[in-house]
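If you want the building blocks of each chain, they are given just below.
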Amino acid sequence: MRIISLNAWGGSLHEALIDYVREADADVLCLQEVLRGPDPRSGWSIYRDAGLELPQRTNLFAEISAALPGHDGFFCPTSRGTLFDGDTAIVAEFGLATFVRKSHSVIAQAMNFVHGSFSAGGWGEHPRPRNAHCIRLFSHGNASAITIAHMHGLRDPAGKGDTPARTEQALALVGLIERVWPGDEGLVVCGDFNVLPDSATFKILARLGLSDLVTGNGLVDTRTSYYLKQGRFADYMLVTPEVKVARFEVVEAPEVSDHRALLLDVV
């Protein structure tokens, strides 16, 4: 089974991103920063916030769904706000997306907020709402089940250091996982956590037997050349001892976001 986690950056590198998800052959694709608009024909739009402007694909969820016809897609919104096409306002939702190859059976799942609650009237105040999605899959190829969870951690303008909100976020993630994971099979937890490697988040996740493959393999950079700031950690992938890792990679090429994809092959 191949599991890929990636912050899609709103589809800012759209063509490269679509090509990558087609060719990467993931069984489970965990995406953060995905948009879904009411009109599936929608193309480019602009996200504006305090002088910042970013190009976004208004209906990235539909576009990736079309690129992966052999997968079931699950969209988990955190907020509903406004994007712009010139001066025209476009309403869209922002959140997580999980794509699962149809040959695997989704036998349990849960989604909930790990920070804040759904913002229906705008993107929300910083730190903005964040959620996580957890699924349990049955693999018919080896007649066994595995649980996979991913999260987009809250972004704090003050930085990635530990805060009470981040501690509560980690505890909420554990609580969500425990609703789905039976505890006696493999567990994979991944995503853009927006924390540093020494964060208390990892001590809390370690209570489930999880250890991180990024720092555990001595890797120090999960960002691409499109990210120009200092501090190259953001994305992590953790596993329990029951997960038999055949391959783990922080993908250097192609660059399809300001984050690198994390790729895990499980035996």
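Residues numbered from 1 in each chain as written. Predicted model: local features only at pLDDT ≥ 70, side-chain atom pairs only at ≥ 80, totals over all residues. Heavy atoms only, no water.

Buried residues of helix α2 (residues 60–67): Leu60, Phe61, Glu63, Ile64 and Ala67, and no others. Axial view of α2: buried residues confined to an arc of 165°, hence all on one face. Packing partners of the buried residues in α2 comprise α1 (14–23), β2 (28–36), β4 (52–57), β5 (71–85) and β6 (88–101). (Buried < 20%, exposed > 50% of the residue type's maximum accessible area, 1.4 Å probe, protein only. Helix = DSSP H or I, 4+ residues; strand = E, 2+ residues; numbered from the N terminus. Arc of directions from axis to C-beta. Contact = heavy atoms within 4.5 Å.)

Sheet architecture is open: six strands sit in the order β7-β8-β9-β10-β12-β11, paired in mixed fashion. Whereas interior strands pair on both sides, the edge strands pair on one side only; in this sheet they are β7 (105–115) and β11 (211–212). Sheet topology places strand β8 (residues 130–139) next to strand β9 (residues 144–152); eight bridges connect them, and they run antiparallel. Counterpart to Phe138 in the pairing with β9 is Ala145. (Pairing = 2+ DSSP bridges.)

Bringing the state of the cysteines into the picture now. One pass over the full model with this rule turns up zero disulfides. Here Cys76 stays free of any disulfide, with the sulfur of Cys30 as its closest cysteine sulfur at 10 Å. Between Cys134, a free cysteine, and Cys30, which holds the nearest cysteine sulfur, the sulfur-to-sulfur gap is 9.9 Å. (Disulfide = S-S within 2.5 Å.)

Before going further, it helps to examine the packing of aromatic side chains. Under the criterion given, the structure shown has nine aromatic pairs. Ring centres of Phe193 and Tyr236 lie 5.7 Å apart, and the angle between their planes is 35°; this geometry places the pair in the tilted category. Of the two residues, Phe193 is situated in the loop between β10 (186–192) and α4 (200–206) and Tyr236 in strand β12 (residues 235–239); the sequence distance between them amounts to 43 residues. With respect to class, Phe193 is no different from Tyr236; both count as buried. (Phe/Tyr/Trp six-rings, centres within 6.5 Å; stacked < 30°, edge-to-face > 60°.)

Once that is clear, we can look at the side chain of Arg223. Relative to the assigned elements, Arg223 resides in the loop between α5 (213–216) and β12. According to the relative accessible area criterion, Arg223 is buried, its value standing at 4%. Here the side chain of Arg223 touches Asp258 through a polar contact of 3.1 Å, landing on its backbone oxygen. Setting aside residues no more than four positions away along its own chain, Arg223 makes contact with Lys160, Arg232, Ala234, Asp235, Asp258, His259 and Arg260. (Polar contact = N/O pair within 3.5 Å; in protein donor to acceptor, adjacent residues only side chain to side chain.)

This paragraph deals with the pairing of β8. β8 sits mainly inside the fold: eight of its 10 residues count as buried. The sheet contact formed by β7 and β8 spans nine bridges and is antiparallel. Across the sheet, residue Gln109 finds its bridge partner in β8, namely Ile135. Joining the antiparallel neighbours β8 and β9 is a turn of four residues, in which Ala143 adopts a positive phi near 50°.

Glancing now at the pairing of β10. Counted residue by residue, β10 has seven buried out of seven residues, so it is predominantly covered. Residues Gly186, Val188, Cys190 and Asp192 point to one face of β10 and Leu187, Val189 and Gly191 to the other, with burial holding for every one of them. Pairing of β9 with β10 involves seven bridges; the strand directions are parallel. Considered in β10, the bridge of Met151 is made with Gly191. Remark: the β9/helix α3 (residues 164–180)/β10 crossover connection has right-handed handedness. Here β10 pairs with β12 via five bridges, running antiparallel. Among the inter-strand pairings, Val188 is bridged to a residue of β12, identified as Val239. (Right-handed = clockwise from strand over helix to strand, strands pointing away.)

Let's shift gears to the pattern of salt bridges. Tallying each qualifying case throughout the model produces 14 salt bridges. One salt bridge connects Asp25 with Arg101, and the closest N-O pair in it is separated by 2.9 Å. Taken together, the positions of Asp25 in the loop between α1 and β2 and Arg101 in strand β6 put the pair 76 residues apart, joining distant regions of the chain. Note on Asp25: relative accessible area 46%, which makes it partly exposed. Taking the shortest distance from any N to any O, the salt bridge between Glu255 and Arg260 comes out at 3.9 Å. Given the relative accessible area of 24%, Glu255 is considered partly exposed. Overall, Arg260 belongs to the buried group, its relative accessible area being 13%. Among the charged side chains, a salt-bridge network with shared partners connects Arg2, Arg247, Glu249 and Asp265. (Salt bridge = Lys/Arg side-chain N within 4 Å of Asp/Glu carboxyl O.)

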